[in-house]
Amino acid sequence: MRKWVLFAISACVGLIVLAVGVGYYYSSLYSLEKSSPLVVSLPSFLLPSQYRPYEGPHPMYLDRGLDPFVYPIRIGQVGPHQPLFSGPLQYPFLCEVEQSGLGQPLVDNHERVGVAVYQTHPQMKEKTHVITGYSQDCLLPTKAFYYYNKVGTDLFFPLEKATDDIAKIKINGKEIDFVVRVEVGTINRFIYSLAVIRGMDEDLAKPNGLHWNSKLIYQFRGGVGIGKRQGKLKPSSFLGRRKDLLEQGYAIAYSTANKTSNHYNLWLAEEVMMRVKKQFVALYGEPSYTIGIGGSGGAIQQLIIGQNHPGLLDGALLLYAYPDMITQTIYAFDCELLEYYFDVMSHDNSQWQTWSNRTWVQGLNAKEDFSNEFSVYYNLARLVNGIWPPIAGGMTECINGWRGLTQLTNNPRFTHLAKYYDDAVIKQTHWTHWDDLKHIYGTGANGYANQTWDNVGVQYGLNALKQGYITIEDFLDLNFKVGGWKPPELFEQEKYWKIVPGSSLFDFSPWSHHNMFLSDGLTKPAARTQADSHAIKAAYQSGQVFLGKLEIPTIDLRHYLEEELDMHHVSASFSIRTRIMEYHGHADHHVMWVTKKPHEPIVEAVDYLGQWIISSRQAPTNQLALVKPEALKDTCFDEKGQVLAAGSTVWDGQWNGRADGACLKHYKVYQNSRLVAGDGWRGDMFKCQLQSVRNAIKSGVYGKVDVEPYLEQLELIFPQGVCDYSQEAVGRLRAKN
């Protein structure tokens, strides 16, 4: 009887999942229709090109040279768009100035390249249906506006719309209207903005900065992007983000080139920041110091720019930081391989249907009774693969935090912005992170950009085996079936109807398993993915990898988000600190703060950084700790901002070989799949040196587990050998302090 009840419940769950999935399917169709502006074609000069991997000096040793452009860019003028050192102009390039509310871009051709620019009605100022030309570079004449803060809110509006609702602020003891001069234009084709409190008796064309406190905040933003777009910038939201600092007199600078959801070319991020700062200095003068603020990819930019171009930043406020983007792909690209194994290849192994058990192998957190939109897709995917969805819900960080990003960055056939590009443009373009930086990674004979991701010899779940969480049979089955990603020329379009026009509801794969090397499950282990060693070397050599060089006061601040299965996990800060310590021999200029929502001590952090910067100018770089504000220490807070623990040992733990410090007892830290496989906390090993399975057994890689009886199976799974993490990573650059 109980069996029939469970069957009936499962059948009902299946029907509900199918019905909800159909609803999601049809609701998604409208959003996938082609939209305006539409990139209609590519430049005729854009011929297939071969690129050699970067082999030059590391940027930290380079003089970036002079910028020939004469600043400032005046109102009505167009900023520089030709690159200095950041690589060739990229096409297609989606214009987004109009979507930012800044008007249409300038016409630069009549050959139907880029987006159409329309004639405007002379009285109504609205677009007609008459095309006057096309824009491939999306340039915008510089404009300036005054925005005011509405009293009692974080909202900003154009000054001409003000009534009697303008907020007041005090600057230098004097009460003034909270009105900000906002300048926007394009530099390197991306939209930049400068925001400074309106000066006394100034006008838009001639700002005087008399109410500026002489300190500059450079805003960086995050996300994951693969280039080929300009990005949006709406002045009102830009101002609201940093209202607390604007009202203290800080100036704010930003560019859509410094938002990583638009691209991850960190040379470009550096170059644009340099030029935006030149524009700021030409208008207002040199700031007493410049502090960077930004989360996720915005924190990555600060670390890389601080490493590659000393002097642009004087201090860094890292929010939800990773050391860099490219080394996050090392474990993130494992996620879908492992999820497909758990969900489909090993669906009859009941231990993997307990979500928290997946942490044994993935390292990242997982929870029972956690559901969101991904839960519907997960259950639907199981159903269309002939597997009944479970009654109990759950989730992993791999799904909740990283699902879709492997496809976005690694599949040359897929772009989530397809509705903004003509079908012919989509077919002519490789939509990957690798292609975005092909001038760095190089291209192969097949025309595709080289890649750095590799899992040859990686023994997934090794530490779980040694710790007794999984059996030797589980370990062998996992590594036999887990596989790798196919080379780019073999990739097919994603089978994810929510984001791919025309894809079928019943041919659905959230894992992208049709782009994986798969095992037959019997005699042939799934193949692994081999990286291009030249691309790996280029990633290190070009400065895309954070090597640990950081010589400015830095606060690494984040909310504890592991309970939300958010991708911004605390362990990333330990990777940052490990690299800093190995480069400098200490990490005295890196302070870690972890707190809980809603506590958000950004203003306090900026104040501490300002004090530290000023005092550090009297001290050598290697003595920054001596001039650090006494109260500024590694700290964990609760949600009300109360200090739970503070001091030099509070974040000690497995990552530095010490007993858990006080903060780790409040905030549990998780690992990732490569740490579980035996790698260290630096987290920058793209490709490991290999050793034979026999040598691995002799050297104690498997701990107390006797794998001798399984030698033949291990050698079948790992014909090239297994990772030897005691050896240096293939291609790794060790910069010298």
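Residues numbered from 1 in each chain as written. Predicted model: local features only at pLDDT ≥ 70, side-chain atom pairs only at ≥ 80, totals over all residues. Heavy atoms only, no water.

Draft legend 1. Spotlight on helix H7 (residues 334-345). Burial analysis of H7 places 12 of its 12 residues in the buried class, the great majority of the element. Those residues of H7 that fall on the buried side of the exposure criterion are Asp334, Cys335, Glu336, Leu337, Leu338, Glu339, Tyr340, Tyr341, Phe342, Asp343, Val344 and Met345. (Buried < 20%, exposed > 50% of the residue type's maximum accessible area, 1.4 Å probe, protein only. Helix = DSSP H or I, 4+ residues; strand = E, 2+ residues; numbered from the N terminus.)

Draft legend 2. Region of interest: helix H19 (residues 602-616). End to end, H19 covers 21 Å across 15 residues, agreeing with the expected 21 Å (1.5 Å per residue, within 8%). The complete set of buried residues in H19 reads Ile602, Ala605, Val606, Leu609, Gly610, Trp612, Ile613 and Ser616. The inward-facing, buried residues of H19 contact strand E9 (215-219), helix H3 (243-246), strand E11 (289-295), strand E12 (315-319), strand E17 (554-559) and strand E18 (590-595). (Expected span 1.5 Å × (residues − 1). Contact = heavy atoms within 4.5 Å.)

Draft legend 3. The packing of aromatic side chains, seen in detail. In the structure shown here, the tally under the stated rule is 31 aromatic pairs. For the ring pair Phe333 and Trp453, a centre distance of 6.1 Å and an interplane angle of 45° mean the geometry is tilted. Here Trp453 lies in the loop between helix H14 (438-441) and helix H15 (462-466) and Phe333 lies in the loop between helix H6 (329-332) and H7, a separation of 120 residues in the sequence. Residue Trp453 is classed as buried on the basis of its relative accessible area, which comes to 3%. Relative to Trp431, the ring of Tyr421 has its centre 4.9 Å away and its plane inclined at 65°; by these criteria the two rings are edge-to-face. (Phe/Tyr/Trp six-rings, centres within 6.5 Å; stacked < 30°, edge-to-face > 60°.)

Draft legend 4. Quick peek at the pairing of strand E20 (residues 643-646). In terms of strand pairing, strand E19 (residues 635-637) meets E20 through 3 bridges, oriented antiparallel. Bridge pairing links Cys636 to Ala645 in E20. (Pairing = 2+ DSSP bridges.)

Draft legend 5. Summary view of the packing of helix H4 (residues 266-284) against helix H5 (residues 297-308). H5 packs onto H4 with a crossing angle of 75° between their chain directions and a minimal axis gap of 10 Å. One way to sum up the angle between H4 and H5 is to call them roughly perpendicular. Counted together, Leu266, Ala269, Glu270 and Met273 of H4 and Ile300, Gln301, Ile304, Ile305 and Asn308 of H5 form the full contact between these two elements. (Axes fitted to C-alpha atoms, helices over the stretch in contact; angles between N-to-C directions. Parallel < 35°, antiparallel > 145°, perpendicular 65-115°, else oblique.)

Draft legend 6. Fine view of the packing of H7 against helix H16 (residues 472-481). Axis separation between H7 and H16 bottoms out at 10 Å; the angle between their running directions is 110°. If you check the angle between H7 and H16, you find them roughly perpendicular. H7 and H16 meet at a crossing whose hand is right-handed. Facing Leu338, Tyr341 and Met345 of H7, the residues of H16 in contact are Asp474, Asp477, Leu478 and Lys481. Among the residues forming the contact of H7 with H16, the class breakdown is 4 nonpolar, no polar and 3 charged. (Left-handed = near helix turned anticlockwise from the far one by under 90°. Nonpolar A, V, L, I, M, F, W, Y, C, P; charged D, E, K, R; others polar.)

Draft legend 7. Geometry of the pattern of salt bridges. The tally for this structure, following the rule as stated, stands at 28 salt bridges. The partner of Asp154 in a salt bridge is Lys243, and the shortest N-O contact between them spans 3.6 Å. Here Asp154 is found in the loop between strand E3 (143-149) and strand E4 (156-158), whereas its partner Lys243 is found in helix H3, with 89 residues between them in sequence. The class for Asp154 is partly exposed, based on a relative accessible area of 47%. Here Asp343 and Arg358 are joined by a salt bridge, their closest N and O atoms 2.8 Å apart. Of this pair, Asp343 sits in helix H7 while Arg358 sits in the loop between H7 and helix H8 (359-362), placing them 15 residues apart in sequence. Residue classification places Asp343 among the buried positions, given a relative accessible area of 0%. Each member of the salt-bridge network shares a partner with another, and the members are Glu582, Arg682, Asp684, Glu728 and Arg732. (Salt bridge = Lys/Arg side-chain N within 4 Å of Asp/Glu carboxyl O.)

Draft legend 8. Region of the structure containing the state of the cysteines. Going through the model one piece at a time under the given rule, you end up with 4 disulfides. Note on cysteine connectivity: Cys95 is disulfide-linked to Cys138, with sulfurs 2.0 Å apart. Where Cys95 bonds to Cys138 through sulfur, the torsion about that S-S bond is close to -85°, and the disulfide is left-handed. One end of the pair, Cys95, is in the loop between helix H1 (2-29) and strand E1 (115-120); the other, Cys138, is in the loop between strand E2 (127-135) and E3, with 43 residues separating them in the sequence. Considered together, Cys95 and Cys138 belong to a single accessibility category, that of buried residues. (Disulfide = S-S within 2.5 Å.)

Draft legend 9. Quick peek at the nonpolar core. Counting residues in hydrophobic clusters, the biggest one holds 131 residues, and the most contacted among them are Trp402, Tyr421 and Tyr702. Here this core gets 10 residues from one element, more than from any other, and that element is H4. The next biggest cluster of nonpolar side chains, apart from the first, holds 43 residues, and it includes Leu102, Phe156, Ile176 and Leu624. (Core = buried A, V, L, I, M, F, W, Y, C linked by side-chain atoms within 4.5 Å.)

Draft legend 10. Molecular detail of the sheet that holds strand E10 (residues 251-255). Taken in spatial order, the 12 strands line up as E4-E3-E7-E8-E10-E9-E11-E12-E17-E18-E19-E20 in an open sheet, and their pairing is mixed. Across the chains shown, the open sheet's two edge strands, defined by having one partner strand only, are E4 and E20. Across the sheet, the mean angle from the axis of one strand to that of its neighbour is 20°, orientation sign disregarded. Across the sheet, H4 lies against strand E7 (179-187), strand E8 (190-197), E9, E10 and E11, angled at about 40° from E8, the strand it touches most. Of the strands in this sheet, E11 and E12 are in contact with H5, which crosses E11 at around 140°.

Remember, this is a structural readout, not a statement about activity or role.
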